[in-house]
Amino acid sequence: MCGIIACTGEDVGSLAVEGLKRLEYRGYDSYGFAWVTGSGGAIQTRKSLEPLEDLGDRLPQCSAVVGHTRWATHGTVSLENCHPHSAHDNSFSLVHNGIVENYQDLRKTDITCADVSDTQVIVRLLETALSKAASREGALRDVLDRLGGRNTILVLFPDGEMLAARHGSPLLVSRTESQYFLSSDLISFAPYTSLYCPIPEQHIVRIKGKCIALYDATLSLCDIDWVQVEVSNSEFSKDGYPHFMMKEIMEQWQTVSRQAKSTGADLGNFVLELERRGNLLLTGAGGAYYTCLQIAWLLREVTGLKALAVPAYEIESLEALYGQGDFVLAVSQSGETADTISAVERAESRGMRVASLVNMPMSTLARMSEFSFANHSGPEICVLSTKSATAQITFGYLLAKRLKGQDGGAAIDQLSHVLSQYLTRTVSWKIREVTKRLVSAHSIFVLGRGLFLPCAMIAALNIKEASYSHAEAFAAGELKHGVLALIEKGVPVMLYVDRDDSYMLNVASEVKSRGAHLVGIAYEDNELFDDFVPMPIVSDPLLAAICGLIPGQLIAYHLGIQAGVNPDRPRNLAKSVTVQ
Ligand code: GLU
């Protein structure tokens with residue numbers, strides 16, 4: 001979490017503002033910049049708790065700048081805790097992404113420090129280290145060696161020199177003819193550059209004017225391997241929609257099709273390996289864990305592969321079932337989810353092989369993987385995962401089909417066509433009317449079974465995130481074992497009902513007879529439903545795994561709007577969860 005950027009070159013102030021705006025999805029508790037002008041001088045800073053868009057598009061003219069958009073982990077959301085943090089004598093300013101896990105110990109033993117946030121501990125350590133070390137990079141190395149946890153740091157000095165150190169949290173360097181950029185991800189400076197280098201773990205970069213140097217953990221100089229990556233600029237506009245969430249929901253008919261076109265060619269060797277092993281462990285966190293459940297279900301159902309899903313932060317509970325040479329498939333939109341990276345590290349230490357499914361090229365998980373698959377969804381700006389979730393499940397469906405010796409491409413083409421008809425203003429407005437009757441509810445329950453259980457889980461998560469309403473998903477079979485006690489007159493229950501699904505219709509009767517307000521998410525209306533939300537209808541019943549997600553996304557969106565929430569930026573959340 002947190003987004004960090006830096007730029008050097010002539011008049012890079014406006015580029016820095018634009019670059020940081022693109023990272024706001026990583027945290028929006030506060031923002032700040034530190035900069036120097038011309039060939040150096042006093043470092044100036046600007047910090048704010050206001051949205052970054054209120055800053056306009058420019059900082060004063062400057063030649064080197066660092067910026068930060070914060071997701072607070074230690075210390076309240078306050079100007080005092082806002083980055084950049086500066087040395088007492090203003091001899092440097094730094095921004096930080098991560099958590100100094102041993103910050104309390106460091107405060108007790110190494111420094112006397114009344115400051116609150118973990119980042120300020122780094123500042124105090126660097127002040128001391130700079131007074132002793134022979135070089136700035138040596139001082140930063142000393143500090144890094146003392147920090148527990150994942151910490152990536154950018155430091156600006158008054159002479160315009162910049163140091164960047166990567167440890168755990170992501171960092172890329174990119175360049176034009178006359179500028180260097182550093183950023184947590186590649187979308188910040190995509191309009192200006194397509195040449196990137198992911199900074200390797202434990203490495204330090206030094207930039208001054210037109211000179212750049214990369215040092216490894218022993219401070220030996222190393223080569224920088226620039227990679228060409230194009231990111232489409234159109235992805236950053238709302239295209240006339242009021243929110244990115246709505247835009248990203250509406251474009252899913254295209255993203256599932258793009259996923260199918262790209263996945264086909266990539267799968268070959270991975271399929272061969274899975275056929276050899278017969279075992280797969282899928283892991284992810286949050287919504288990505290629910291998509292893992294869905295993909296695992298598809299793989300078991302279609303191929304008989306022993307595929308299980310486990311939340312990344314609970315991998316210990318299943319790892320004993322897997323051994324040397326088995327695959328773990330890590331699913332993460334950002335490819336930087338700290339919980340998932342830790343799970344993969346743990347799996348690797350047991351001899352497991354790594355595959356990943358991520359939306360961000362060159363991300364940490366992609367680079368850790370023997371087989372890395374892309375979502376092909378384009379940047380997803382809304383904090384909630386919508387188009388990346390459907391793309392992930394599309395991948396799972398295609399993988400399952402390929403393992404069975406079939407090609408799922410035609411079915412995805414049909415799905416894409418059906419979604420292009422379904423994702424209209426008419427359907428969206430109908431769902432908006434339904435949500436008007438849910439908006440004041442104390443709790444919303446979402447019931448499903450089989451393929452629809454992960455859909456129900458994702459719907460409940462989306463509702464919580466987008467509207468702050470309490471929503472809980474349950475397997476329909478759980479109802480009589482406890483959940484029914486929560487149902488009373490007027491309690492909204494959303495039910496996923498498959499074709500000819502007499503089991504779910506009985507469940508509907510049971511909650512209805514206790515007075516529930518029933519929202520049927522189904523292929524056809526039923527007299528039991530108080531409200532009916534139609535699902536997209538496709539010929540392959542397995543694609544319900546994808547179709548079932550879309551009504552839940554629209555319900556969450558409209559509930560959020562009616563509750564006065566900006567669903568693109570739910571409070572306390574950030575898109576890329578790079579801390580544990
Ligand atoms: N721990 C730092 C803070 O609270 C940085 C947070 C982060 O990177 O998410 O300000």
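Residues numbered from 1 in each chain as written. Predicted model: local features only at pLDDT ≥ 70, side-chain atom pairs only at ≥ 80, totals over all residues. Heavy atoms only, no water.

K.L.:
Describe helix 7 (residues 268-277), with residues and values.
P.N.:
Inspection of helix 7 places Phe270, Val271, Glu273 and Leu274 among the buried residues, and these make up the whole buried set. Down the axis, helix 7 shows its buried residues gathered within 165 degrees of arc, on one side only. Pointing more than 90 degrees away from the buried face of helix 7 are the exposed residues Asn269 and Arg276. In this structure, the buried side of helix 7 is in contact with strand 16 (279-284), strand 18 (327-332), strand 19 (353-358), strand 20 (371-374) and helix 12 (387-403). Looking one or two residues past helix 7, Gly278 carries a phi angle of roughly 75 degrees, positive in sign. (Buried < 20%, exposed > 50% of the residue type's maximum accessible area, 1.4 Å probe, protein only. Helix = DSSP H or I, 4+ residues; strand = E, 2+ residues; numbered from the N terminus. Arc of directions from axis to C-beta. Contact = heavy atoms within 4.5 Å.)

K.L.:
For the side chain of Gln179, give the residues involved together with the corresponding values.
P.N.:
For Gln179, the position within the fold is in the loop between strand 9 (172-175) and strand 10 (180-183). Reaching out from Gln179, the side chain makes a polar contact with the side chain of Thr176 at a distance of 2.8 Å. Apart from residues no more than four positions distant in its own chain, Gln179 is found in contact with Thr8, Gly9, Glu10, Val12, Leu15 and Ser174. (Polar contact = N/O pair within 3.5 Å; in protein donor to acceptor, adjacent residues only side chain to side chain.)

K.L.:
Describe the environment of Met368, naming the residues involved and giving the relevant values.
P.N.:
Here Met368 lies in helix 11 (residues 364-368). By relative accessible area, Met368 is classed as partly exposed at 21%. Residues Met368 and Ala355, 13 residues apart in the sequence, show an inter-C-alpha distance of 8.3 Å. When sequence neighbours within four positions are dropped, the list of residues in contact with Met368 reads Ile341, Val344, Glu345, Glu348 and Val354.

K.L.:
Any chance you could break down the site of the ligand for me, citing the residues and the numbers?
P.N.:
Neighbouring the ligand are 13 residues, the closest being Cys2, Arg70, Thr73, His83 and Gly98. For the ligand, the accessible surface in isolation is 300 Å², of which the surrounding protein chains cover 100%. Of all the secondary-structure elements, those providing two or more residues to the shell around the ligand are strand 6 (93-98) and helix 3 (118-132). Element by element, the count of residues in the shell around the ligand is highest for strand 6, at three residues. The class makeup of the residues in the shell around the ligand is four nonpolar, seven polar and two charged. (Near = heavy atom within 4 Å. Areas by Shrake-Rupley, 256 points an atom, 1.4 Å probe, with all protein chains shown as cover. Nonpolar A, V, L, I, M, F, W, Y, C, P; charged D, E, K, R; others polar.)

K.L.:
Break down the pattern of salt bridges for me, with residues and values.
P.N.:
What the rule picks out here adds up to 28 salt bridges. Glu319 is the partner of Arg346 in a salt bridge, and the nearest nitrogen-oxygen pair spans 2.8 Å. Taken together, the positions of Arg346 in helix 10 (residues 338-349) and Glu319 in helix 9 (residues 316-319) put the pair 27 residues apart, joining distant regions of the chain. Classification of Glu319 as buried rests on a relative accessible area of 8%. Across the pair Arg437 and Asp531 runs a salt bridge, and its minimum N-O distance is 2.7 Å. Placement of Arg437 in the loop between helix 14 (425-436) and strand 21 (443-448) and of Asp531 in strand 25 (residues 531-534) is noted, with a sequence separation of 94 residues between them. Assessed through its relative accessible area of 8%, Asp531 is described here as buried. Overlapping salt bridges bring together Arg136, Glu137, Asp159, Glu161 and Arg206 as one network. (Salt bridge = Lys/Arg side-chain N within 4 Å of Asp/Glu carboxyl O.)

K.L.:
Please give an account of the packing of aromatic side chains that cites residues and values.
P.N.:
Counted by the stated rule, this structure contains 13 aromatic pairs. Here Phe92 and Phe157 contribute two aromatic rings whose centre-to-centre distance is 6.3 Å and whose plane-to-plane angle is 55 degrees, an arrangement assigned as tilted. One end of the pair, Phe92, is in the loop between strand 5 (85-86) and strand 6; the other, Phe157, is in the loop between strand 7 (151-156) and strand 8 (162-165), and 65 residues separate them in sequence. Accessibility classification places Phe92 together with Phe157 in one group, the buried group. Relative to Tyr496, the ring of Phe452 lies with its centre 5.5 Å away and its plane at 15 degrees, an arrangement referred to as stacked. One end of the pair, Phe452, is in helix 15 (residues 452-467); the other, Tyr496, is in strand 23 (residues 492-497), with 44 residues separating them in the sequence. Exposure remark for Tyr496: the relative accessible area of 0% places this residue in the buried category. One aromatic cluster in this structure is built from Phe270, Phe327, Phe371, Phe373 and Phe395. (Phe/Tyr/Trp six-rings, centres within 6.5 Å; stacked < 30°, edge-to-face > 60°.)

K.L.:
Mind laying out a negative patch on the surface, listing which residues take part and the relevant values?
P.N.:
On the surface, Asp498, Asp500, Glu524 and Asp525 cluster together to form a negatively charged patch. Along the polypeptide, Asp500 turns up in the loop between strand 23 and helix 16 (502-512). Relative accessible area serves as the criterion here: at 74%, Asp500 is assigned to the exposed category. (Patch = residues over 30% accessible without salt bridge, like charges linked within 9 Å, V, L, I, M, F, W, Y side chains within 5 Å. Lys, Arg positive; Asp, Glu negative; His and termini not counted. Charge placed at Lys NZ, Arg CZ, Asp CG, Glu CD.)

K.L.:
How would you explain helix 1 (residues 13-21) if you had to name every residue and give the values?
P.N.:
For helix 1, the full list of buried residues reads Gly13, Leu15, Ala16, Val17, Gly19 and Leu20. Buried residues along helix 1 sit against strand 1 (3-8), strand 2 (30-36), strand 4 (64-70) and strand 10.

K.L.:
Can you explain the packing of helix 14 against helix 18 (residues 549-562)? Please cite residues and give values.
P.N.:
At a closest axis distance of 9 Å, the pairing of helix 14 and helix 18 adopts a crossing angle of 60 degrees. It follows from the interaxial angle that helix 14 and helix 18 lie oblique. Note on packing geometry: the crossing formed by helix 14 with helix 18 is right-handed. Two secondary-structure elements touch here, helix 14 through Ser428, Ile431, Arg432, Thr435 and Lys436 and helix 18 through Pro551, Leu554, Ile555, His558, Leu559 and Gln562. Its residues assigned to classes, the contact of helix 14 with helix 18 shows five nonpolar, four polar and two charged. (Axes fitted to C-alpha atoms, helices over the stretch in contact; angles between N-to-C directions. Parallel < 35°, antiparallel > 145°, perpendicular 65-115°, else oblique. Left-handed = near helix turned anticlockwise from the far one by under 90°.)

K.L.:
Go over the side chain of Thr364, please, and point to the residues and values.
P.N.:
Mapped onto the elements of the fold, Thr364 is located in helix 11. With sequence-adjacent residues up to four places away left out, Thr364 is seen in contact with Arg166, Gly335, Glu336 and Ile341.

K.L.:
Before we move on, could you go through the sheet that holds strand 11 (residues 195-198) and cite the residues and values that matter?
P.N.:
Reading across the sheet, the eight strands line up as 3-2-4-1-10-9-11-15 and stay open at both edges, with antiparallel pairing between neighbours. Strands at the two margins of the open sheet, each flanked by one partner only, are strand 3 (44-48) and strand 15 (227-228). Where helix 1 meets the sheet, its contacts fall on strand 1, strand 2, strand 4 and strand 10, and the angle it forms with strand 1 comes to roughly 160 degrees. (Pairing = 2+ DSSP bridges.)

K.L.:
Let's hear about a nonpolar patch on the surface: which residues, and what values?
P.N.:
A cluster of nonpolar side chains, Leu49, Val77 and Leu79, forms an exposed patch at the surface whose accessible area comes to about 250 Å². Within the secondary structure layout, Val77 lies in the loop between strand 4 and strand 5. The class for Val77 is partly exposed, based on a relative accessible area of 43%.

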